[in-house]
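# Residue-level structure breakdown
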Amino acid sequence: MAFDFAKVPYVSKVVPYNDEKTPVELCQKKMLPIVQDDQSAINESLDIIKKYCGDKFDFSNISEINAVNLMVEGLGSEIHSLAMPYFIWTPEFDEESRKYFQNKKEIKRGPFKDLMKRKEELIAKLNPKLRELEQELKPFYQSQTLRLEDIMVAAHLWALFIVPEFQFSEKIYSYLMRVKAETGFEYHRDYME
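Let me sum up the structure you'll find in this document. (Residues numbered from 1 in each chain as written. Predicted model: local features only at pLDDT ≥ 70, side-chain atom pairs only at ≥ 80, totals over all residues. Heavy atoms only, no water.)

### Examining unusual backbone geometry
- Looking along the chain, the bond that leaves Leu32 and enters Pro33 is cis, with omega of 5 degrees.
- Along the chain, Pro33 falls in the loop between α2 (21–27) and β1 (35–36).
- The omega torsion of the bond from Lys138 to Pro139 falls at -5 degrees, within 30 degrees of zero and hence cis.
- Of note, the phi angle at Gln28 is positive, near 70 degrees, even though the residue is not glycine.
- For Gln28, the location among the structural elements is in the loop between α2 and β1.
- The class for Gln28 is exposed, based on a relative accessible area of 65%.
- The backbone of Gln142 shows a phi angle near 50 degrees, a positive value even though the residue is not glycine.
- Mapped onto the elements of the fold, Gln142 is located in the loop between α7 (119–134) and α8 (148–157). (Helix = DSSP H or I, 4+ residues; strand = E, 2+ residues; numbered from the N terminus. Buried < 20%, exposed > 50% of the residue type's maximum accessible area, 1.4 Å probe, protein only.)

Below, the structure written as structure tokens:
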């Protein structure tokens, strides 16, 4: 989203989820995304955005960025628990990487089949947080224009599109469509070409 918004040219390469070797060789830990240029490779999203798109986003208000980070982490627990059982059926996974992902994530979250049984509970926990978020959309997050904070928020919310039982409110759906229009974001672009 940030690269397309900032018109930063890039070539995307999908690394299978079970490929630990590539990220560790590039960045000393398994963490995605990774951006590699002629000089280095980095893998922290905000560091990537700051390095390559810093002229398009304001990084001066660290306390605001930290507050948004905490807020999206609060959303992330339910969002990831709802979406992970569906993620494994997206085009980025093959049978081997699907098993690897599921085994790793079930250690933290419990069996995916149990998460699917808890959908209503997870949605009920998430909805009040989303209603609070709605109050901050003006139409972007606390702003009339797209900012770094929107990249952070939308990146988490986008995962909910994969959960068939989840319904966005009209306000959050409109927000995500605005972010998509501003950034040209396509979730599975790498598999559509």
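### Considerations on the side chain of Glu149
- Tracing the sequence through the fold places Glu149 in helix α8.
- In this structure, Glu149 is in contact with Glu64, Ile65, Val68 and Tyr141, ignoring residues within four places of it in sequence. (Contact = heavy atoms within 4.5 Å.)

### What to know about the packing of helix α4 (residues 62–87) against α8
- Close contact between α4 and α8 brings their axes to 9 Å; oriented N to C, the two are set at 5 degrees. In terms of axis orientation, α4 runs roughly parallel to α8. Residues Glu64, Ile65, Val68, Asn69, Met71, Val72, Leu75, Gly76, Ile79 and His80 of α4 touch α8, and the partners they reach there are Leu148, Glu149, Met152, Val153, His156 and Leu157.
- For the contact of α4 with α8, a count of residues per class yields 10 nonpolar, 4 polar and 2 charged. (Axes fitted to C-alpha atoms, helices over the stretch in contact; angles between N-to-C directions. Parallel < 35°, antiparallel > 145°, perpendicular 65-115°, else oblique. Nonpolar A, V, L, I, M, F, W, Y, C, P; charged D, E, K, R; others polar.)

### Some points on the packing of α8 against helix α9 (residues 170–183)
- Remark: α8 packs on α9, axes separated minimally by 11 Å, with the N-to-C direction vectors making an angle of 115 degrees. Where α8 crosses over α9, the two elements pack in a sense that is left-handed. Between α8, through Asp150, Ile151, Val153, Ala154 and Leu157, and α9, the contact on the second element is made entirely by Ile172, Tyr175, Leu176, Val179 and Thr183.
- Across the contact of α8 with α9, the residue classes tally to 8 nonpolar, 1 polar and 1 charged. (Left-handed = near helix turned anticlockwise from the far one by under 90°.)

### Comments concerning the nonpolar core
- In this structure, Phe57, Leu133, Leu157 and Tyr175 are the most contacted members of the largest nonpolar core, which totals 56 residues.
- Residue assignment for this core shows that the elements contributing at least two residues are α1 (2–6), α3 (45–53), α4, α5 (95–109), α6 (112–117), α7, α8 and α9.
- In terms of residue count, the dominant contributor to this core is α4 (10 residues). (Core = buried A, V, L, I, M, F, W, Y, C linked by side-chain atoms within 4.5 Å.)

### Topic: the packing of aromatic side chains
- A complete count under the given rule lists 14 aromatic pairs for this structure.
- On the numbers, 6.3 Å between centres and 65 degrees between planes, the contact of Phe101 with Phe112 is edge-to-face. With Phe101 in helix α5 and Phe112 in helix α6, the pair connects residues that are 11 residues apart, well separated along the chain. For the pair formed by Phe101 and Phe112, the shared burial category is buried.
- Seen in terms of ring centroids, Phe166 and Phe168 are 5.0 Å apart; in terms of plane orientation they differ by 85 degrees. Their pairing is edge-to-face.
- Exposure remark for Phe166: the relative accessible area of 6% places this residue in the buried category. (Phe/Tyr/Trp six-rings, centres within 6.5 Å; stacked < 30°, edge-to-face > 60°.)

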